[in-house]
Amino acid sequence: MHPAFATWEDPAESLESVENRIHDGVPKERLRTRAQAYVNTFARLFPWSLPGPGGRVMEIGSGLGYIMEAAVQKLNPSTVVGLDVSASMIENAKRRLARDGVETTALDFRLYDGVEIPYEDNSFDFVYSAATIQHIPKAYAYNLLFEIARVLKRAGFADLHFVSHSLLPDHLRLFPLKQECLRQIRNEVGHWHVFYSHEELLYVLLFGIEVGWISVQEENRSLWAIFRKDREVDFCNETTLTCQAGPLRCS
Ligand SMILES: C[S@@+](CC[C@H](N)C(=O)[O-])C[C@H]1O[C@@H](n2cnc3c(N)ncnc32)[C@H](O)[C@@H]1O
């Protein structure tokens with residue numbers, strides 16, 4: 001397992017300890033509000049990207065399943081798959097859902113190797129990720145974008161949260177850049193941090209992954225990127241259109 005993934009895998013760690021460790025210091029009583037805020041941000045920035053009731057949805061990096069729970073409430077999907085690289089995280093998510101009495105018929109979890117998403121091409125209406133891609137080494141993250149594009153249905157949407165370079169001034173006070181570099185050079189287990197820019201996401205998604213349509217917005221030092229494979233823009237008016245592959249390029 002890659003050392004950046006191994007930091008999430010600790011079969012001996014208690015649910016309470018994981019709950020404190022992985023949610024950016026947000027107290028336990030606010031974790032549902034935090035999760036709803038992510039889903040609401042996708043809904044506010046890209047309302048037309050949300051699937052209709054009964055959709056097949058996937059979260060990349062599902063942690064303890066709080067955002068999956070919020071997605072079920074907001075989207076009424078048939079399934080939300082929580083895809084994660086950590087078996088112990090998935091076990092703790094199941095424990096957490098049982099502890100909190102959450103109805104789980106629409107929730108499913110799947111372990112994978114961080115490289116190949118174990119689902120067929122064109123099988124999901126909506127794939128989202130929050131507070132996860134910033135911890136994935138960049139080559140794995142770019143590869144993940146290819147994989148997300150592969151499993152998305154043609155008219156489905158991927159809504160993805162990245163951390164912007166504009167967070168660096170605050171972030172570096174807690175995590176000096178030199179330490180971050182050495183951790184990655186030495187392949188040390190730990191929370192790796194990876195940053196993105198608006199321009200990078202546009203170029204990588206349009207010319208590397210070759211998605212059909214993309215929009216990227218920066219807000220609160222996060223980047224919110226949305227894409228779909230289909231080039232037809234039949235879901236929003238032109239004022240919301242940021243970028244389309246093919247003859248029309250980035251604006
Ligand atoms: C900081 S937690 C966030 C969990 C959840 N998204 C939330 O915000 O409540 C990061 C999660 O991503 C998972 N993860 C790390 N690398 C991953 C990868 N390459 N693919 C999928 N999940 C990954 C970790 O195991 C962990 O569950």
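The rules behind each value
Residue positions are given per chain, counting from 1 as you read along its sequence in written order. Residues qualify for local features only when their pLDDT is at least 70, as the model is predicted, and side-chain atom pairs are given and counted only at 80 or more; totals for whole chains, interfaces and linings, by contrast, use all residues. Derived side-chain values reflect all non-hydrogen atoms in the structure, with water molecules and hydrogen atoms excluded from consideration. A run of DSSP states H or I qualifies as a helix once it reaches four residues; a run of E qualifies as a strand once it reaches two. Both are numbered from the N-terminal end. Throughout, the radius of gyration refers to the C-alpha atoms, and the reference size of a globule is 2.2 Å times the residue count to the power 0.38. Between buried and exposed lies partly exposed: a residue is buried under 20% and exposed over 50% of the maximum accessible area for its type, with that area taken using a 1.4 Å probe on protein chains only. Pairs of residues are marked as contacts when any of their non-hydrogen atoms sit within 4.5 Å. If DSSP finds at least two bridges between two strands, the strands pair. Looking down the strands as they point away from you, a crossover is right-handed if its path from the first strand over the helix to the second goes clockwise. Distances are taken per atom, and a residue is near a molecule or strand as soon as one of its heavy atoms is within 4 Å of it. As used in this structure description, the phrase polar contact means that two N or O atoms lie within 3.5 Å; if the pair is within protein, one of them must be able to donate a hydrogen and the other to accept it, and residues adjacent in sequence are counted only when both atoms belong to side chains. In this classification, the charged set is Asp, Glu, Lys and Arg, the nonpolar set is Ala, Val, Leu, Ile, Met, Phe, Trp, Tyr, Cys and Pro, and all remaining amino acids, among them Gly, are polar. Whenever a helix is involved, its axis is fitted only over the stretch in contact; in every case the axis is a line through C-alpha atoms, and angles between N-to-C directions fall within 0 to 180 degrees. Between 65 and 115 degrees an angle is taken as roughly perpendicular, under 35 as roughly parallel, over 145 as roughly antiparallel, and anywhere else as oblique. Should the near helix be turned anticlockwise from the far one by less than a right angle, the crossing is left-handed, and should it be turned clockwise, the crossing is right-handed. Between Lys or Arg on one side and Asp or Glu on the other, a salt bridge is scored when a side-chain nitrogen of the former is within 4 Å of a carboxyl oxygen of the latter.

**Details of the overall build of the chain**
So, point 1. From N to C terminus, the chain includes nine helices and eight strands.
So, point 2. The C-alpha atoms of the chain give 18 Å as radius of gyration, which agrees with the globular expectation for 251 residues (18 Å, within 12%).
So, point 3. Taken over the C-alpha atoms alone, the chain extends approximately 55 × 45 × 30 Å along its principal axes.
So, point 4. Taken over 251 residues, the chain has a buried fraction of 54%.
So, point 5. For the chain, the share of sequence-separated contacts (at least 6 apart) that also reach a separation of at least 24 residues comes to 74%.

**Some details on the pairing of strand S2 (residues 79-84)**
So, point 1. The buried count for S2 comes to six of six residues, which makes it a mostly enclosed element.
So, point 2. Here S2 shows a buried face lined by Thr79, Val81 and Leu83 and a second buried face lined by Val80, Gly82 and Asp84.
So, point 3. Examined bridge by bridge, strand S1 (residues 56-60) and S2 share five bridges and lie parallel to one another. From the neighbouring strand, Arg56 faces S2, where its bridge partner is Thr79.
So, point 4. Note: S2 against strand S3 (residues 107-111), five bridges, orientation parallel. Directly across from Asp84, in S3, lies its bridge partner Leu111.
So, point 5. Note that the unit made of S2, helix H5 (residues 87-99) and S3 has a crossover that is right-handed.

**A look at the site of the ligand**
So, point 1. Looking at the ligand, there are 21 residues lining it, with Arg34, Gly61, Asp84, Tyr112 and Ala130 nearest.
So, point 2. Contacts to the ligand include Arg34, whose side-chain N or O atom sits 2.9 Å from an oxygen atom.
So, point 3. Of all the elements in the fold, those that place two or more residues in the shell around the ligand are S1 and S2.
So, point 4. Counted by class, the shell around the ligand contains twelve nonpolar, six polar and three charged residues.

**Section: the packing of helix H6 (residues 138-151) against helix H9 (residues 198-209)**
So, point 1. At a minimum axis separation of 11 Å, H6 and H9 run at an interaxial angle of 55°. It follows that H6 is oblique to H9 by the angle criterion. When you trace H6 past H9, the crossing you get is right-handed. Residues Lys138, Tyr142, Leu145, Phe146 and Ala149 of H6 lie in contact with H9, whose contacting residues are Glu200, Val204, Leu205, Gly208 and Ile209.
So, point 2. For the contact of H6 with H9, the residue count by class is seven nonpolar, one polar and two charged.

**Quick word on the pattern of salt bridges**
So, point 1. Inspection of every chain in the model, using the stated rule, returns 16 salt bridges.
So, point 2. In this structure, Lys153 and Asp125 form a salt bridge, with 3.1 Å as the shortest nitrogen-oxygen distance. Here Lys153 is found in strand S5 (residues 152-163), whereas its partner Asp125 is found in strand S4 (residues 124-129), with 28 residues between them in sequence.
So, point 3. Notably, a salt bridge pairs Glu180 with Arg183, separated by 3.3 Å at the nearest N-O pair. Taken together, the residues Glu180 and Arg183, both in helix H8 (residues 177-185) and three residues apart, mark about one turn of the helix.
So, point 4. Its relative accessible area of 16% is what places Arg183 among the buried residues.
So, point 5. Taken together, the shared-partner salt bridges connect Glu16, Glu19, Arg32, Glu69, Arg96, Arg99 and Asp100 into one network.

Without other data, these values stay purely geometric and don't point to any function.
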